[in-house]
Amino acid sequence: MTLAGMCSAAPLEQPSDKPILTITGQITNTNVNGSAIFDRAMLEKIGMVKVQTKTPWYDSVMTFEGVPLDKLMAEVGATGHTVKARALNDYTTDIPIEDFAKYHVILALKRNGEYMPVKDKGPLFVIYPYDSDPELQSQTYYSRSAWQVAKMKIE
């Protein structure tokens, strides 16, 4: 079954607060001019999970909370194979969509119970559970872990 086949039939709701994520490209569920625009509450409504892991960016184990990216891709009806994530500072990285289910990657909104501010890698941070597999402890996966994510394009 494709990710698009798992998505809800209902159209995406409209953001009621400040949008923090825009998804474009090969998606079937949209809410604003062919894009999927999300505010924080809309992302949280998809369902949040926790990942505890060490990262190269912090000195100790951190607890991240966020939306499983495979669920987010299903929500927008993603039909492509790659996510081009773009940060507020225009950093971009390509992430294979197959990574999301394989490694349980999340789009984190919180670190240690607190929403992440823009000045400290927020509002959204792609997090792999690095401690779960030695393969993830490499530059390949660290480079896919964009922070300050604002846009995603499905290709």
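The structure this text deals with has already been given above.
Asks: How do you make sense of the overall build of the protein when you look at a structure like this?
Replies: In terms of regular secondary structure, the protein is built from 5 helices and 10 strands. For the protein, whose C-alpha radius of gyration is 14 Å, the value lies close to the compact-globule estimate of 15 Å for 155 residues. Dimensions of the protein, computed from C-alpha atoms along their principal axes, come out at roughly 40 × 30 × 25 Å. Taken over 155 residues, the protein has a buried fraction of 48%. Of the contacts made within the protein by residues no fewer than 6 positions apart, 61% connect residues no fewer than 24 positions apart. Counting only carbon and sulfur atoms, one obtains 48% of the accessible surface of the protein, whose full area is about 7,700 Å². Taken together, the 16 basic and 18 acidic charged side chains of the protein have centroids lying 4 Å from each other.

Asks: Would you mind showing me how to read the layout of surface pockets here?
Replies: Summary: where empty space remains is shown by rolling a probe the size of a single water molecule over the atoms. The computed volume of the largest pocket comes to approximately 220 Å³. If you trace the largest pocket, you find it lined by Asp17, Lys18, Pro19, Ile20, Arg40, Leu88, Met116, Pro117, Val118, Pro123, Val149 and Ala150. Every element with two or more residues in the lining of the largest pocket is listed here: strand 1 (19-25) and strand 10 (149-154). In terms of residue class, the lining of the largest pocket is built from 9 nonpolar, no polar and 3 charged.

Asks: So what exactly am I meant to see when it comes to the packing of aromatic side chains here?
Replies: Each aromatic ring pair is summarised here by two numbers: the centre-to-centre distance and the angle between the ring planes. Under the criterion given, the structure shown has 12 aromatic pairs. Geometrically, the ring pair formed by tryptophan 57 and tryptophan 147 is edge-to-face, given 5.5 Å between the ring centres and 80° between the ring planes. Of this pair, tryptophan 57 sits in the loop between strand 3 (49-53) and strand 4 (62-68) while tryptophan 147 sits in the loop between helix 5 (139-144) and strand 10, and the two are 90 residues apart along the sequence. Residue tryptophan 57 is classed as partly exposed on the basis of its relative accessible area, which comes to 23%. Ring centres 6.2 Å apart and planes at 55° place the aromatic pair tyrosine 103 and tyrosine 128 in the tilted group. Within this pair, whereas tyrosine 103 is found in helix 4 (residues 98-103), its partner tyrosine 128 is found in the loop between strand 9 (125-127) and helix 5, the two being separated by 25 residues in sequence.

Asks: Even after reading the chapter, I still don't get the environment of aspartate 133, so can you show me in this structure?
Replies: Mapping aspartate 133 onto the fold places it in the loop between strand 9 and helix 5. It is 21 Å that separates the C-alpha atoms of aspartate 133 and lysine 71, two residues lying 62 residues apart in sequence. Within the structure, the side chain of aspartate 133 is placed 2.9 Å from the backbone nitrogen of glutamate 135, a separation counted as a polar contact.

Asks: How should I be thinking about the environment of alanine 41 in this particular structure?
Replies: Within the fold, alanine 41 resides in helix 2 (residues 40-46). In this structure alanine 41 comes out as partly exposed when scored by relative accessible area, which is 48%. Between the alpha carbons of alanine 41 and lysine 54 there is a distance of 27 Å; along the sequence they are 13 residues apart.

Asks: Any chance you could explain helix 3 (residues 69-76) here in plain terms?
Replies: Quick reminder: α-helices carry 3.6 residues per turn. Residues three or four places apart thus point the same way. Buried residues of helix 3: Leu69, Leu72, Met73, Ala74 and Val76, and no others. Positive backbone phi, at 70°, marks glycine 77, one or two positions downstream of helix 3.

Asks: I'm lost on the pattern of salt bridges in this one. Help?
Replies: Working definition: two side chains of opposite charge can pair if their charged atoms are close together. In total, this model carries 5 salt bridges according to the counting rule given. The partner of aspartate 94 in a salt bridge is lysine 84, with the nearest N and O atoms 2.9 Å apart. Here the residue aspartate 94 occupies a position in strand 6 (residues 92-96), and lysine 84 occupies one in strand 5 (residues 82-87), the gap between them amounting to 10 residues. A residue is classified by how much of its surface remains accessible, and aspartate 94, at 40% relative accessible area, is partly exposed. Judged by relative accessible area, lysine 84 falls into the partly exposed class, the value being 26%.

Quick notes on the rules
- Starting afresh in each chain, residues are numbered from 1 along the sequence in its written order.
- The predicted origin of the model limits local features to residues at a pLDDT of at least 70 and limits the giving and counting of side-chain atom pairs to 80 or more, whereas totals for whole chains, interfaces and linings rest on all residues.
- As a convention, hydrogens and water are excluded, and side-chain values are obtained from all of the structure's heavy atoms.
- Put simply, DSSP marks the helices as runs of H or I at least four residues long and the strands as runs of E at least two long, and each gets a number from the N terminus on.
- Radius of gyration: over C-alpha atoms. The globule rule applied is 2.2 Å multiplied by the number of residues raised to the 0.38 power.
- Type-normalised accessible area, obtained with a 1.4 Å probe on protein chains alone, sets the label of each residue: buried when under 20%, exposed when over 50%, and partly exposed for intermediate values.
- What makes two residues a contact is simply this: any of their non-hydrogen atoms within 4.5 Å.
- Working definition of accessibility: Shrake-Rupley area with a 1.4 Å probe, residue cover restricted to the visible protein chains.
- Counted as positive: Lys and Arg. Counted as negative: Asp and Glu, with His and the chain ends omitted from the count.
- Throughout, a charge is located at the NZ atom of Lys, the CZ atom of Arg, the CG atom of Asp or the CD atom of Glu.
- Put simply, the grid is 1 Å and covers the protein atoms alone, a cavity is a trapped set of points that fit a 1.4 Å probe, a pocket is an open set with protein on both sides within 12 Å along at least five of seven lines, and lining residues have an atom within 4 Å of a point.
- Grid points are joined across faces, edges and corners, and a volume is the space filled by probe spheres set on the points.
- Residues are grouped as follows: Ala, Val, Leu, Ile, Met, Phe, Trp, Tyr, Cys and Pro are nonpolar; Asp, Glu, Lys and Arg are charged; all remaining types, including Gly, are polar.
- Aromatic rings from Phe, Tyr and Trp, taking only the six-membered ring of Trp, are treated as a pair when their centres fall within 6.5 Å; an angle between ring planes under 30 degrees marks them as stacked, one over 60 as edge-to-face, and anything in between as tilted.
- The term polar contact refers here to a pair of N or O atoms within 3.5 Å; inside protein, the definition further demands a hydrogen-donor-capable atom paired with an acceptor-capable atom, and it admits residues adjacent in sequence only when both atoms are side-chain atoms.
- Salt bridges are defined as contacts in which a side-chain nitrogen from Lys or Arg sits within 4 Å of a carboxyl oxygen from Asp or Glu.

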